[in-house]
Amino acid sequence: MITINNICVSYDIKIIDNLSLSLSDKEIHGIVGLNGAGKTTLLNTVFGLKKPLSGEILYNGQKLSKKEISYLTTENFFYTGITGEEYLSLFKNKKFDVNQWNELFSLPLNQIISEYSTGMKKKLALMGILKQNKPIMIFDEPFNGLDIEACRMIRTILLRLKEQGKTIIITSHIIETLTNLCDYIHYLEAGKIKYTKGKNEFDDFQQELFEAIENKNNKLIGNIC
């Protein structure tokens, strides 16, 4: 169980405001919110890239360590002038068969990464995450830049990882990718978790969310168009 207790996080202004959340093990948790709600800041804080001003994050009652987490960021970083094969060699896991996995990803691993397309870079970063084989996996917008086939492939991989006992945290701007994948969706608004919905509530959640967005913007759109 990941337990987030009353964390506050600031970048000049407060982004996460006294947020508390419990994330059960061996399930897929979606984090949803409009732009600026604090999704990436929350993920950065869970991973340890950003230190909270206050509060704590625990894993099974102990302080959460970065050693227990792998994190696929929205924008992937790669060292200059290295190949895909060299990048994957940075992660140590003798049981991970790179060639077998690459039958699925079809990447030119002997090619310099700077020559990769956006989708190829995303797949390579995902392979790096898989090779780390951590109990907690965080994915920030993993479907960005990918075609339909790659998106379905990642969905299948994430479901298999859950079956293997991984705890997965994922964000996506495409709400349907989360409702078709997650066990729980947590709605983030103004730096707080406003509510959490389980699978049996996803239809109502999606309708409520879309109606709230439309009601918010319809008047302004009507004045313009």
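**Student:** I keep staring at helix α3 (residues 98-105) and nothing clicks. Help me out?
**Tutor:** Residue pairs three or four apart in sequence face the same way in an α-helix, which turns once every 3.6 residues. Those residues of α3 lying buried are V98, N102 and F105. Buried residues of α3 fall within an arc of 55° about the axis and therefore sit on the same side. Facing away from the buried side of α3 by over 90 degrees, the exposed positions are Q100 and E103. Looking at where α3 begins, the residue whose side-chain oxygen comes 3.2 Å from the main-chain nitrogen of N99 is D97.

**Student:** Teacher, can you tell me more about the sheet that holds strand β10 (residues 192-198) here?
**Tutor:** Each strand in a sheet pairs with another by means of backbone hydrogen bonds, the pair being arranged parallel or else antiparallel. Spatial ordering of the open sheet is given by β6-β7-β8-β3-β9-β10, a layout of six strands whose pairing is mixed. Each edge of the sheet is formed by a strand with only one pairing partner; in this case those strands are β6 (69-72) and β10. Between one strand and the next, the sheet's axes are offset by a mean angle of 20°, whatever the strand orientation. Sheet analysis places strand β9 (residues 184-189) next to β10, joined by six bridges and oriented antiparallel. Bridging across to β10, E189 finds its partner in K192. Each of β6 and β7 (136-140) touches helix α4 (residues 118-132); the most contacted strand, β6, lies at about 175° to it.

**Student:** How should the sheet that holds strand β1 (residues 2-11) be read in this particular structure?
**Tutor:** Read from one edge to the other, the open sheet built from four strands follows the order β2-β1-β4-β5, with strand pairing classed as antiparallel. Two strands close off the open sheet at either side, each with one partner strand: β2 (13-23) and β5 (62-63). Where helix α1 (residues 39-47) meets the sheet, it contacts β1, β2 and β4 (54-59), and its direction lies at approximately 120° from that of β1.

**Student:** When you look at the packing of α3 against α4 in this model, what are you seeing that I'm missing?
**Tutor:** When two helices pack together, their arrangement is given by the angle between their axes and by how far apart the axes lie. Two elements in contact, α3 and α4, have axes separated by 11 Å at closest approach and are oriented at 145°. Two packed elements cross with a definite hand, and for α3 against α4 that hand is right-handed. Between α3, through V98, W101, N102 and F105, and α4, the contact on the second element is made entirely by K123, L126, M127, L130 and K131. Looking at the contact of α3 with α4 residue by residue, the classes come out as six nonpolar, one polar and two charged.

Rules used throughout
Residues numbered from 1 in each chain as written. Predicted model: local features only at pLDDT ≥ 70, side-chain atom pairs only at ≥ 80, totals over all residues. Heavy atoms only, no water. Buried < 20%, exposed > 50% of the residue type's maximum accessible area, 1.4 Å probe, protein only. Helix = DSSP H or I, 4+ residues; strand = E, 2+ residues; numbered from the N terminus. Arc of directions from axis to C-beta. Polar contact = N/O pair within 3.5 Å; in protein donor to acceptor, adjacent residues only side chain to side chain. Pairing = 2+ DSSP bridges. Axes fitted to C-alpha atoms, helices over the stretch in contact; angles between N-to-C directions. Contact = heavy atoms within 4.5 Å. Left-handed = near helix turned anticlockwise from the far one by under 90°. Nonpolar A, V, L, I, M, F, W, Y, C, P; charged D, E, K, R; others polar.

Don't take any of this as a statement about function, it's just geometry.
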